[in-house]
Amino acid sequence: MSQFPGGRDNLTDGPQRSYQVRPDELEGAVRETLSHQVAVARPLSVDPAGQAIRRANRIRRRRNAAGLALAAVTTVLLSAGMAQLGAETRRDGSPIVVIGDPGPTNRPLPTASVPGSAPSPKTSASLVFSETLVNADGRRLVLPDVGPAEHVQPLPSGGGWLVVGAPSTAGRSLWVVQDDGLVQVLLAGAGAIVLAPDSLQVAWRDGDDLLVAGVVGTQLIGAVRTPVPAAAEPVRFVADSVLVRLDPASAGHTLWRPGAGPLPEAIDQKSLNVYGRLPDGRLVGQVTTTDPGRTCLAILAPTRRLDPVRTGCGPDLSRDGVGGVSPDGRWLLVNGGSGTAGRSLLVDLQRLGPAATAVAAGPPMTGAVVWSDGTQASYLDGTGELVRVDVGQVRAGKPASPAAVPGVPAGERPILVQGF
């Protein structure tokens, strides 16, 4: 600081700073300074790329968690049943319900059947296992990549088939085979499987339970379950109910209506087989009598006890359960017993009574019976040949004769189906 008032601050003698700078020199100096600052790499306070990567990772983790949660909820709903009936029972093994294919392609899914495995001891000798379908006109269709089938029906919307696989040590499977070649599995490792006539529902045995679900596209939805006895199996659909046989080794059926409670305790003790349904809802079946070696035909009320309404004990019947009722409810095709020399029989249900009679219709039947109308029926005999029954001809004393299906190798027995 200055020691004297009014004196200068800088008392030293030195060169004075020159302020005589030309504008172009000043501009150049500023440019040079800015260029040096731009050239120097400075750390960013925010990393945009890192933020984007971290945000993507968080989104992916949230989506994966949501997908796993949805899959878990879906599995629980279908395993437990969207409408659960009765108390929960123990289930051995993994769930058998498969909801279509999460990534559908034209690849076939692996079959649950074990190659070379033999049918279960309870399998009837009348069942047919094949990969070849045949219709009443003799046309053939080979199923791709599903293995031997036990029963086949058209999909509800057409365009393919519902295929029940043959029994094996791994259980039965239910497949969807579409006309475009897509093959998907709906059930695997199940017990007995039966399909509703319109293919809109399926019933199956799973462990200690009986389940029913709807068929929508290539999925099973709305599963309902109920506990059943150890030997019980579904037999067929009767309207919205399921006919259940309590023990294949003895007589006795009951009707279970899903959503109306557990399996009824009151059952009939006489019915051996049920062949079909009349237009009014009543059933046509085979019942036992007081004579151990004799059975009768009966019209059964569609109640839990299947009470006989009318009985006819004339024809000698086989106990194999193969038979079919015409759409108008007039005729029954059924296999005769040993006293009929191994023939199929045609029975007039309108005349069913104490003196009921039957006429020979053709060779013994195997597999399904397909009625084209009220007077024309088809079935396969034991060698896999096609038999076409004309009611008028049979009543005139001319039983049907088998004919080989064109293109089917000798010894192969196809499965008879409706349509295609």
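Above this text sits the structure in question.
These notes cover the structure that comes with them. Everything quoted here is computed from the prediction, not taken from an experiment. (Residues numbered from 1 in each chain as written. Predicted model: local features only at pLDDT ≥ 70, side-chain atom pairs only at ≥ 80, totals over all residues. Heavy atoms only, no water.)

Further remarks concern the nonpolar core. Core analysis: the biggest nonpolar cluster contains 17 residues, and Leu-162, Leu-174, Ile-193, Val-202, Trp-204 and Leu-220 have the highest contact counts within it. Every element with two or more residues in this core is listed here: strand E5 (160–165), strand E6 (172–178), strand E7 (183–190), strand E8 (193–195), strand E9 (201–206), strand E10 (209–216) and strand E11 (219–227). Not counting residues up to four positions away in its chain, the partners in contact with Val-202 are Leu-174, Ile-193, Val-194, Leu-195, Leu-211, Val-212, Ala-213, Val-215, Leu-220 and Phe-237. (Core = buried A, V, L, I, M, F, W, Y, C linked by side-chain atoms within 4.5 Å. Buried < 20%, exposed > 50% of the residue type's maximum accessible area, 1.4 Å probe, protein only. Helix = DSSP H or I, 4+ residues; strand = E, 2+ residues; numbered from the N terminus. Contact = heavy atoms within 4.5 Å.)

On to the pattern of salt bridges, then. Considering all chains together, one arrives at six salt bridges under this definition. As a salt-bridge pair, Asp-240 and Arg-257 come within 4.0 Å of each other at their nearest N and O atoms. Residue Asp-240 is located in the loop between strand E12 (233–238) and strand E13 (241–245), and its partner Arg-257 is located in the loop between strand E14 (253–256) and strand E15 (271–277); the two are separated by 17 residues in the primary sequence. Taking the relative accessible area as the measure of exposure, Arg-257 reaches 45% and is therefore partly exposed. Between Arg-282 and Asp-280 there is a salt bridge, with its nearest N and O atoms 2.8 Å apart. Taking the relative accessible area as the measure of exposure, Arg-282 reaches 25% and is therefore partly exposed. (Salt bridge = Lys/Arg side-chain N within 4 Å of Asp/Glu carboxyl O.)

Across the six residues that make up E9, a large majority, five, are buried. Pairing analysis gives three bridges linking E8 to E9, with the strands arranged antiparallel. Paired with Leu-195 across the strands is Val-202, a residue of E9. Once E8 ends, the chain turns through five residues before running back antiparallel as E9, passing Ser-199 with a positive phi of about 65°. As defined by bridge partners, E9 adjoins E10 across six bridges and the pair is classed as antiparallel. Among the inter-strand pairings, Trp-204 is bridged to a residue of E10, identified as Leu-211. (Pairing = 2+ DSSP bridges.)

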